[in-house]
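Analysis of the macromolecular model
What follows is the residue order along each chain.
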Amino acid sequence: MRPFRTLLLLATCLTLVGCINRTGRGGGGSDDDDAVDDDDAVDDDDATDDDDATDDDDAVDDDDATDDDDATDDDDAVDDDDAVDDDDAGPGGWTTLYGSGHPAPYLVTLSPTNGAELTRVTITGFPDAVGTNGLAWNPSRTTLYVVVREAAGGRSLATLNPVTGAATLVGSLAGDVADIGFDANGTLYAITGQSSGAPQLYTVNVNNGTLTAVGSPQVHDQSSTDGEALVVNWNTGSLYRMSGNGTPKDLYSLQPSGSSTPVTLSGDTHGEVTAMAFNPDTGTMYFVDRNETLFSVTTSGAVTNIGSWTGDEYLKGLSWGP
């Protein structure tokens, strides 16, 4: 029996060796096809490493609306289209009261609080000038116009440098213009005195001085042969005139057609009115008389004496400007 038992033990051992070999090298799934080592999604196709949206397509870094299309930086309405800085609609800037002299040609500035003369410059460019008959800044405050009266009796429209006093001819005026004034739209009006007949109202071409008749103001004082003063009130749209040294020395509301309505004056007394002006900033009308005194006047006719200046000449032009 011993040989048989020996063979049985030998066969059993061989069987166990074969099992051990197959288990260690032949087909163990852990060594030959282990998903962790050979096809581990974490190592080979890890979305965090290879296709991480945070790194490759991060909206904050690559298409940040704050950096690339920030309305505050690129299209800031306050910086690029500020209406206050670029297109100030306010009138503003009518800070200086100018006057032009007669019988000598000069330009002055007056104090609006007491009427004192502040500055003076001689008007040049017209060697035979014997004074002025009207003064007016245009609405944009870019150009000062003056009517120059010449020794031979003619009158011309000129532009005037307010710093140097240099006058440049625009054109000769066909009538005896006594005063001029702009309306808010830039139309220049002129009125003639009564020395050569009934006063006439004109518009003036600022490029060549051509006069176009628009009406014949009613003559309320037939005895007066003195000049006329004219102003355009931008608040009411009406023209106003004061007629020479007639009696009574009323204010007249004047329409462009020539129709005029007297406005009885009250308050301080004055002499012969020689020029008028309107301040768009305050809405106040002013006039000067032959006694070298400055007044304000309301549309209802209330007159206030502001003050006088000392000189040997009076003013025939008056205008507010920059």
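On a predicted model such as this, the values are computed, not experimentally measured, just so you know.

Within a regular strand, the side chains alternate between the two sheet faces. Counting buried positions over the six residues of strand β18 (residues 284-289) gives five, a clear majority of the element. Pairing of strand β17 (residues 273-279) with β18 involves six bridges; the strand directions are antiparallel. Residue pairing in the sheet places valine 273 in a bridge with aspartate 289 of β18. Connecting β17 to the next strand, β18, in antiparallel fashion are four residues, including glycine 283 with a positive phi near 70 degrees. Relative to strand β19 (residues 293-297), β18 runs antiparallel, the two sharing four bridges. In the strand pairing of β19, valine 288 is matched with leucine 294.

One finds Leu107, Leu160 and Leu318 to be the most contacted residues of the largest nonpolar core, which totals 29 residues. Contributing elements (two or more residues each) for this core: β1 (96-102), β2 (106-110), β4 (129-137), β5 (144-150), β6 (155-160), β17, β18 and β21 (314-321). Element by element, the count of residues in this core is highest for β2, at four residues. Here leucine 318 is in contact with Leu97, Tyr98, Gly99, Leu110, Leu135, Ala275, Met276, Ala277, Tyr286, Phe287, Val288 and Leu294, once residues within four sequence places are set aside.

Moving on: the environment of arginine 141. With respect to the secondary-structure elements, arginine 141 resides in the loop between β4 and β5. On the accessibility criterion, arginine 141 (28% relative accessible area) is partly exposed. Taking the C-alpha atoms as reference points, arginine 141 and glycine 93, separated by 48 residues in sequence, lie 8.3 Å from one another.

In the predicted model, the protein carries a mean pLDDT of 77, and the fraction of residues at 70 or more is 67%. The least confident element of the protein, judged by mean pLDDT, is helix α11 (residues 83-86) at 34; the most confident is β6 at 98. Here residues 1-90 is a poorly scored stretch, pLDDT under 50, and it has 41 contacts once near neighbours within four places are set aside; other chains count.

Here glutamate 150 shows up in strand β5. This buried residue, glutamate 150, is left without a salt bridge; arginine 155 holds the nearest opposite charge, at 8.9 Å. Once residues lying within four places of it in the same chain are set aside, the contact partners of glutamate 150 are Phe126, Asp128, Ala129, Val130, Arg155 and Ser156.

With that settled, the discussion passes to the environment of glutamate 313. Structurally, the position occupied by glutamate 313 is in the loop between β20 (302-308) and β21. Taking C-alpha positions, glutamate 313 is 9.9 Å from glycine 131, a pair spaced 182 residues apart along the chain.

Here we come to the sheet that holds strand β13 (residues 239-243). Reading across the sheet, the four strands line up as β12-β13-β14-β15 and stay open at both edges, with antiparallel pairing between neighbours. In the strand order of this sheet, the two ends are held by β12 (228-232) and β15 (260-263), each with one partner. Within this sheet the neighbouring strands show an average axis-to-axis angle of 25 degrees, counted without direction. Sheet topology note: the β12/β13 ladder contains five bridges and is antiparallel. Note that in β13 the partner of valine 232 across the bridge is leucine 239.

Strand order in the open sheet formed by five strands is β16-β20-β19-β18-β17, and the pairing between neighbours is mixed. Because the sheet does not close on itself, it has two edges, and the strands there are β16 (266-267) and β17.

Turning to the pairing of β20, a few remarks are in order. Across two bridges, the pairing between β16 and β20 is parallel. When the bridges of β20 are listed, glycine 267 appears paired with valine 303. Here β19 pairs with β20 via five bridges, running antiparallel. In the strand pairing of β20, serine 296 is matched with threonine 304.

The rules behind each value
Residues numbered from 1 in each chain as written. Predicted model: local features only at pLDDT ≥ 70, side-chain atom pairs only at ≥ 80, totals over all residues. Heavy atoms only, no water. Buried < 20%, exposed > 50% of the residue type's maximum accessible area, 1.4 Å probe, protein only. Helix = DSSP H or I, 4+ residues; strand = E, 2+ residues; numbered from the N terminus. Pairing = 2+ DSSP bridges. Core = buried A, V, L, I, M, F, W, Y, C linked by side-chain atoms within 4.5 Å. Contact = heavy atoms within 4.5 Å. pLDDT = per-residue confidence, 0-100. Lys, Arg positive; Asp, Glu negative; His and termini not counted. Salt bridge = Lys/Arg side-chain N within 4 Å of Asp/Glu carboxyl O. Axes fitted to C-alpha atoms, helices over the stretch in contact; angles between N-to-C directions.

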